[in-house]
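Report on the structure
Spelled out from the first residue to the last, the chains are:
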Amino acid sequence: VQLQASGGGLVQAGGSLRLSCAASGRTFSNYNIGWFRQAPGKEREFVAAILWSAGSTEYADSVKGRFTISRDNGKNTVYLQMNSLKPEDTAVYYCAADRAPWSIVIRSRAASYDYWGQGTQVTVSS
């Protein structure tokens with residue numbers, strides 16, 4: 001699976017952005033997709049993930065109630081709607097596909113994802 005993240009940018013605190021993760025290659029609809037982020041000097045952290053069937057989602061506590069992950073398998077795209085953005089959300093955001101298709105478990109460890117996009121920068125000013 002080849003992934004390409006887009007939609008990042010500069011936004012004021014309280015604003016919104018929608019990230020997109022476009023996929024090609026192996027059957028995208030068979031894979032759970034996750035969003036991760038990495039701020040300067042910090043480790044990559046889990047943000048959200050969605051089951052291959054879109055039947056379930058998981059979120060990091062820090063983004064619950066503000067971010068929404070969704071997918072359109074017909075368009076081979078996963079979205080991350082980010083509302084009420086905070087300066088601490090500033091990071092490079094990556095999308096990734098689980099190493100195994102049809103997984104019924106949503107994983108939050110980056111090591112469980114084998115296919116990664118190139119990342120998109122999100123900067124939230126105070």
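First, a word on scope: everything that follows refers to the structure included in this document. All values derive from a computational prediction rather than experimental measurement.

Each value, and the rule that gives it
- Residues numbered from 1 in each chain as written.
- Predicted model: local features only at pLDDT ≥ 70, side-chain atom pairs only at ≥ 80, totals over all residues.
- Heavy atoms only, no water.
- Disulfide = S-S within 2.5 Å.
- Helix = DSSP H or I, 4+ residues; strand = E, 2+ residues; numbered from the N terminus.
- Buried < 20%, exposed > 50% of the residue type's maximum accessible area, 1.4 Å probe, protein only.
- Salt bridge = Lys/Arg side-chain N within 4 Å of Asp/Glu carboxyl O.
- Contact = heavy atoms within 4.5 Å.
- Pairing = 2+ DSSP bridges.
- Axes fitted to C-alpha atoms, helices over the stretch in contact; angles between N-to-C directions.

What follows deals with the state of the cysteines. One pass over the full model with this rule turns up 1 disulfide. Shown here is the disulfide that connects Cys21 with Cys95, its sulfur atoms set 2.2 Å apart. Taking the torsion about the sulfur-sulfur bond, which here is approximately 75°, the covalent link between Cys21 and Cys95 counts as right-handed. Taken together, the positions of Cys21 in strand E3 (residues 17–24) and Cys95 in strand E9 (residues 91–98) put the pair 74 residues apart, joining distant regions of the chain. You can call Cys95 buried: its relative accessible area is 0%.

Our focus in this paragraph is the pattern of salt bridges. Applying the stated criterion across every chain, the model contains 6 salt bridges. Across the salt bridge formed by Arg37 and Asp89, the nearest N and O atoms sit 2.9 Å from each other. Taken together, the positions of Arg37 in strand E4 (residues 33–38) and Asp89 in the loop between strand E8 (77–82) and E9 put the pair 52 residues apart, joining distant regions of the chain. Here the two residues Arg37 and Asp89 agree in accessibility, since each one is buried. Residues Arg99 and Asp114 are paired through a salt bridge, measuring 3.7 Å at the closest nitrogen-oxygen approach. Highlighted residues: Arg99 in the loop between E9 and strand E10 (113–116) and Asp114 in strand E10, separated in sequence by 15 residues. Exposure remark for Asp114: the relative accessible area of 45% places this residue in the partly exposed category. Each of Arg37, Glu45, Arg66 and Asp89 takes part in a single network of salt bridges with overlapping partners.

With respect to the secondary-structure elements, Gln118 resides in the loop between E10 and strand E11 (120–125). Distance from Gln118 to Gln12, taken between C-alpha atoms, is 24 Å for residues 106 residues apart in sequence. With sequence-adjacent residues up to four places away left out, Gln118 is seen in contact with Leu3, Gln4, Ala5 and Tyr94.

Turning our attention to the sheet that holds strand E7 (residues 67–72). Across the sheet, which stays open at both edges, the 4 strands sit in the order E1-E3-E8-E7 with antiparallel pairing between neighbours. With one partner strand each, in any of the chains shown, strand E1 (2–6) and E7 form the two edges of the open sheet. Strand-to-strand twist across the sheet, computed as the mean angle between neighbouring axes with direction ignored, equals 15°. Examined bridge by bridge, E7 and E8 share 6 bridges and lie antiparallel to one another. Bridge assignment links Arg71 to a residue of E8, and that residue is Val78.

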